[in-house]
Amino acid sequence: EEPTRPALLWPRWALAGAIVLAAATGAYFAFFRASVGLLPESELVCHDEQGNSVRGGQWLNADRRDKTLVFNEGTQVRFAKDSRGRLDKLTPSEVELSLEAGAVRSSVTPGRQVVWGFRAGPYRVRVVGTELAVHFTPADEHFVVEVIHGTVQIQGPRLAREGVTLSDGQRF
């Protein structure tokens, strides 16, 4: 009678370990690729200061403190305490945010072919690579735009069809 040879278990464990390592590596890059700058230049993603993903159509409330949105290409949008708004649109070529009430301050990264826009009541602010502040009070439709750096175009009621353009240091 021939003696039985013990089965070699280490090749099975090594194969299982390699599969788990490959799956974990794939998951890491799929989940964290935006936050470490590994997205293709055409993709645009957003997350809040806790790292939670923010998608188009999502409502934003800065109830007790400011809430900051960070985009993978460097742009930051800060909703001031007690402000409400929504990320209406998030595509590789266009971002649009609505300010329902309160104030928002943004620093838009220039050089990308992304059209940035803010809506506040009946007004729309088109951004051309800038740092700006927008304030809107719905009760009395009080609307203020302050351009810290860059250029914006404002459209809305009681304005010429082509809107009003503001540059560095101007206020509407």
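Residues numbered from 1 in each chain as written. Predicted model: local features only at pLDDT ≥ 70, side-chain atom pairs only at ≥ 80, totals over all residues. Heavy atoms only, no water.

## What about the environment of Arg86?
Right, on to step 1. Looking at where Arg86 falls in the secondary structure, it is placed in strand E6 (residues 83-90).
Right, on to step 2. Spatially, the C-alpha atom of Arg86 lies 7.8 Å from that of Glu100, the residues being 14 residues apart in sequence.
Right, on to step 3. With near-sequence residues (within four places) excluded, Arg86 lies in contact with Gly57, Gln58, Trp59, Leu60, Glu96, Leu97 and Ser98.
Right, on to step 4. Polar contacts involving the side chain of Arg86 include one to the side chain of Asp88, which spans 2.6 Å. (Helix = DSSP H or I, 4+ residues; strand = E, 2+ residues; numbered from the N terminus. Contact = heavy atoms within 4.5 Å. Polar contact = N/O pair within 3.5 Å; in protein donor to acceptor, adjacent residues only side chain to side chain.)

## Comments concerning the packing of aromatic side chains
Right, on to step 1. Summed over the entire model, instances satisfying the criterion amount to four aromatic pairs.
Right, on to step 2. Through successive ring pairs, a cluster of aromatic residues spans Tyr123, Phe143 and Phe172. (Phe/Tyr/Trp six-rings, centres within 6.5 Å; stacked < 30°, edge-to-face > 60°.)

## Quick look at the pattern of salt bridges
Right, on to step 1. Counted by the stated rule, this structure contains ten salt bridges.
Right, on to step 2. Residue Arg78 is joined to Asp66 by a salt bridge in which the shortest nitrogen-to-oxygen separation is 3.1 Å. Taken together, the positions of Arg78 in strand E5 (residues 76-79) and Asp66 in the loop between strand E3 (58-62) and strand E4 (67-71) put the pair twelve residues apart, joining distant regions of the chain.
Right, on to step 3. The class of Arg78 is partly exposed, set by a relative accessible area of 31%.
Right, on to step 4. Across the salt bridge formed by Arg119 and Glu96, the nearest N and O atoms sit 2.5 Å from each other. Here the residue Arg119 occupies a position in strand E8 (residues 115-120), and Glu96 occupies one in strand E7 (residues 94-107), the gap between them amounting to 23 residues.
Right, on to step 5. Exposure remark for Arg119: the relative accessible area of 36% places this residue in the partly exposed category. (Salt bridge = Lys/Arg side-chain N within 4 Å of Asp/Glu carboxyl O. Buried < 20%, exposed > 50% of the residue type's maximum accessible area, 1.4 Å probe, protein only.)

## Examining the nonpolar core
Right, on to step 1. One finds Leu69, Phe71, Phe79, Phe143, Val145 and Val152 to be the most contacted residues of the largest nonpolar core, which totals 31 residues.
Right, on to step 2. Put simply, the parts of the chain that give this core at least two residues each are E3, E4, E5, E7, E8, strand E9 (123-137) and strand E10 (142-155).
Right, on to step 3. A total of six residues in this core trace back to one element, the largest contributor, which is E9.
Right, on to step 4. Dropping the residues within four chain positions of it, Val152 is found in contact with Val125, Arg126, Val127, Thr130, Leu132, Val145, Val147, Val164, Thr165 and Leu166. (Core = buried A, V, L, I, M, F, W, Y, C linked by side-chain atoms within 4.5 Å.)

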